[in-house]
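Remarks on the overall topology
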Amino acid sequence: MSALLEVKDLSVSFRQDGKLTQAVRNVSFAVERGETVALVGESGSGKSVSALSTVSLLGDSAQVTGSVTYDGQQMIGADEKMLRKVRGNDISFIFQEPMTSLNPLHTIEKQLAESLALHQGIAGATARARILELLEKVGIQDAQSRLGAYPHQLSGGQRQRVMIAMALANKPDVLIADEPTTALDVTIQAQILDLLKELKDSEGMGLLFITHDLGIVRRIADRVCVMQQGEIVEQGPTKDIFENPQHPYTIKLLSAEPTGEPAPVPEGAEEIVKTDHLKIWFPITEGLLRRTVGHVKAVNDATLSVRAGETLGIVGESGSGKTTLALGIMRLIASDGGITFMDQDVRKWSTRELRRLRKDMQIVFQDPFGSLSPRMTCFQIIAEGLTIHKVDPDRNQRELVHEVMLEVGLDPATMDRYPHEFSGGQRQRIAIARAMVLRPRLLVLDEPTSALDMTVQVQIVDLLRSLQVKYGLAYLFISHDLNVVRAMSHKVLVMKRGDVVEYGPVADLYERPQSSYTRTLLQAAT
């Protein structure tokens, strides 16, 4: 009896500029009913390409050979009618970057309803009830009020949860999850993993789980396939792979975890940024005259300070106000309370006056694909700030870009490529390079390692720590990965629904947490 999903000798090449580049070579694996198989490996190893090949979702430039069968049906070379029936219905996907998968012009309810109508013929009140059930299952709080929201009105984690709800809507036989918990905080991540396991067991669903997080693999997978440079170098039961890895690359992956701590803050280091009872509330308006009937209290009474060479880690669940706090500090959104940047009260500054400070306060966003222009090359993206702020006008910009690309682990020979030609992890490194090339005094890092595989996470943490020492950078480090936060931070601020529930030195918070919420976060991360 054949497996539910069976891949044999799959090879994929892409034609570019008249040349063929092989992305996947002779890959073979199977997913049985009720089984979870994990594909692990570094960015660009061929994990996502292998998954997309299962239902012919690769572009016209792809040349695919080998065999992919779903429930005994051959997928490679199948006609469009059959593929449309299978896609999203029998085999469903959760993609890595929700902002590129959700339609920015449609509400959450409309997008979920479209899937239910297309595949199940469900509409009206029945569809709405099913949508609410799905949103509640994946941890969307107050789901009723979120039905009319657009993707840009949700946090990164909330968008990912909507994507998971869409994938589960039609009760697929095979769920292919491509980094499905990347944007989620630890508590919701645990809930989602438990949910996927529960659905797999109750529905007899096969789960192909693509991730760089080996902690998740150990928790959820029955079998593991380790990929390197387009090939599966080792596969077997999860317990065997973790306890007795055979391939040097598998051993390297298992030993990759951010450790250590940042260098001490220099004595007498100047204060770069300080807030005094910062508050960010968004008005809720109703009626023709748009009267204010309430407020979304995104940030309440946040008082903090960060010195040169110091990192403040900001943690909390999705929607707790972490990113909103950082954007308020950078004067990118309106706020009340005091903000002092390099001894200057910037709360009173106009937009024009703030422009001369922008070089000194930079941000790396959570979703690299959404923040990089698809029409600009890597060089143009990184060099744009150099032109705007007139940095080192006498130096050749390609030399400056070459240097910073090496610093963040990118090949300078790729500087004339476009964002879509890079893997997710490589795109995040471009975003980091764009900020670092200006040598800012304050750098906001919003989930900077969430899209990176474990080995690159270690490299980026080491890189950020060394740059901090070299240039005396102050970091606001936003993350749901508490291991990375511990390795990066001197102080930690814990947020819950807009409130600061705990703030103090990293050692005190991790070893002697005072808040029950902080203890819950730490327990979920273990």
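These remarks concern the structure in this document. What you see is a predicted model, and the numbers here were worked out from it, not measured in a lab. (Residues numbered from 1 in each chain as written. Predicted model: local features only at pLDDT ≥ 70, side-chain atom pairs only at ≥ 80, totals over all residues. Heavy atoms only, no water.)

1. Points about the overall build of the protein chain
Each helix and strand counted, the protein chain has 21 helices and 20 strands in total. Scaling as 2.2 N^0.38, a compact globule of 526 residues should have a C-alpha radius of gyration of about 24 Å, and the protein chain matches this with 24 Å. Here the C-alpha coordinates of the protein chain stretch approximately 70 × 55 × 45 Å along the principal axes. Split into buried and exposed, the 526 residues of the protein chain put 53% on the buried side. Here the contacts in the protein chain between residues at least 6 apart in sequence split such that 68% fall between residues at least 24 apart. A total of about 23,300 Å² of accessible surface is found on the protein chain, and carbon and sulfur atoms cover 48% of it. Positive and negative charge centroids in the protein chain, built from 58 and 65 side chains respectively, lie 5 Å apart. (Helix = DSSP H or I, 4+ residues; strand = E, 2+ residues; numbered from the N terminus. Rg over C-alpha atoms; globule rule 2.2 N^0.38 Å. Buried < 20%, exposed > 50% of the residue type's maximum accessible area, 1.4 Å probe, protein only. Contact = heavy atoms within 4.5 Å. Areas by Shrake-Rupley, 256 points an atom, 1.4 Å probe, with all protein chains shown as cover. Lys, Arg positive; Asp, Glu negative; His and termini not counted. Charge placed at Lys NZ, Arg CZ, Asp CG, Glu CD.)

2. Here's the deal with helix α8 (residues 186-203)
In this model α8 runs 25 Å from its N-terminal to its C-terminal C-alpha over 18 residues, within 8% of the 26 Å that 1.5 Å per residue would give. Positive backbone phi, approximately 65 degrees, marks G204, located one or two places after α8. (Expected span 1.5 Å × (residues − 1).)

3. Considering the nonpolar core
Grouped together as the largest cluster of nonpolar side chains are 52 residues, with contacts concentrated most on I382, I430, Y475, V492 and Y510. Non-local contacts of I382, meaning those with residues more than four positions away in its chain, are made with V401, V404, M405, I430, A433, R434 and V437. Core analysis: the next-biggest nonpolar cluster, separate from the first, contains 48 residues, L154, L175, L195 and V224 among them. (Core = buried A, V, L, I, M, F, W, Y, C linked by side-chain atoms within 4.5 Å.)

4. Describing the pairing of strand β20 (residues 499-505)
Where strand β19 (residues 491-496) and β20 come together, 6 bridges link them in antiparallel fashion. The residue of β20 that forms the bridge with L493 is Y503. (Pairing = 2+ DSSP bridges.)

5. Examining a nonpolar patch on the surface
Residues F282, I284, V293 and V296 make up a contiguous nonpolar surface patch of about 310 Å² in total accessible area. The set of elements that each furnish at least two residues to the nonpolar patch consists of β11 (271-286) and β12 (291-307). In this fold, V293 is placed in strand β12. (Patch = residues over 30% accessible without salt bridge, like charges linked within 9 Å, V, L, I, M, F, W, Y side chains within 5 Å. Salt bridge = Lys/Arg side-chain N within 4 Å of Asp/Glu carboxyl O.)

6. Re unusual backbone geometry
Its identity as a non-glycine residue notwithstanding, S56 has a phi of 55 degrees, on the positive side. Position of S56 among the secondary structure elements: in the loop between α1 (47-53) and β4 (62-70). Overall, the relative accessible area of 30% leaves S56 in the partly exposed class. Backbone geometry at H277 places phi at a positive 50 degrees, although glycine is not the residue there. Summarising the element assignment, H277 is placed in strand β11.

7. Observations regarding the side chain of N170
When you line up the elements, N170 lands in the loop between α7 (156-168) and β7 (174-178). At a separation of 3.2 Å, a polar atom in the side chain of N170 contacts the main-chain carbonyl oxygen of G88. Discounting residues that sit within four places of it in the chain, N170 has contacts with G88, N89, S115, L116, H119 and Q120. (Polar contact = N/O pair within 3.5 Å; in protein donor to acceptor, adjacent residues only side chain to side chain.)

8. Considering the environment of I176
Within the secondary structure layout, I176 lies in strand β7. Sequence-wise, I176 and V68 are 108 residues apart; in three dimensions their C-alpha atoms are separated by 14 Å. The contact partners of I176, leaving out residues within four places of it in the chain, are A51, T54, I91, S92, F93, I94, L208 and I210.

9. Overview of the packing of aromatic side chains
Summed over the entire model, instances satisfying the criterion amount to 1 aromatic pair. Arranged with centres 5.3 Å apart and planes meeting at 10 degrees, the rings of F93 and F95 form a pair that is stacked. Given the relative accessible area of 28%, F95 is considered partly exposed. Between the NZ or CZ atom of K279 and the centre of the ring of W281, over which it lies, the distance is 4.3 Å. Cation over ring: R398 sits above F379, and NZ or CZ is 4.9 Å from the ring centre. (Phe/Tyr/Trp six-rings, centres within 6.5 Å; stacked < 30°, edge-to-face > 60°. Lys NZ or Arg CZ within 6 Å of the ring centre and 35° of its normal.)

No statement about biological role is implied by the geometric values presented.
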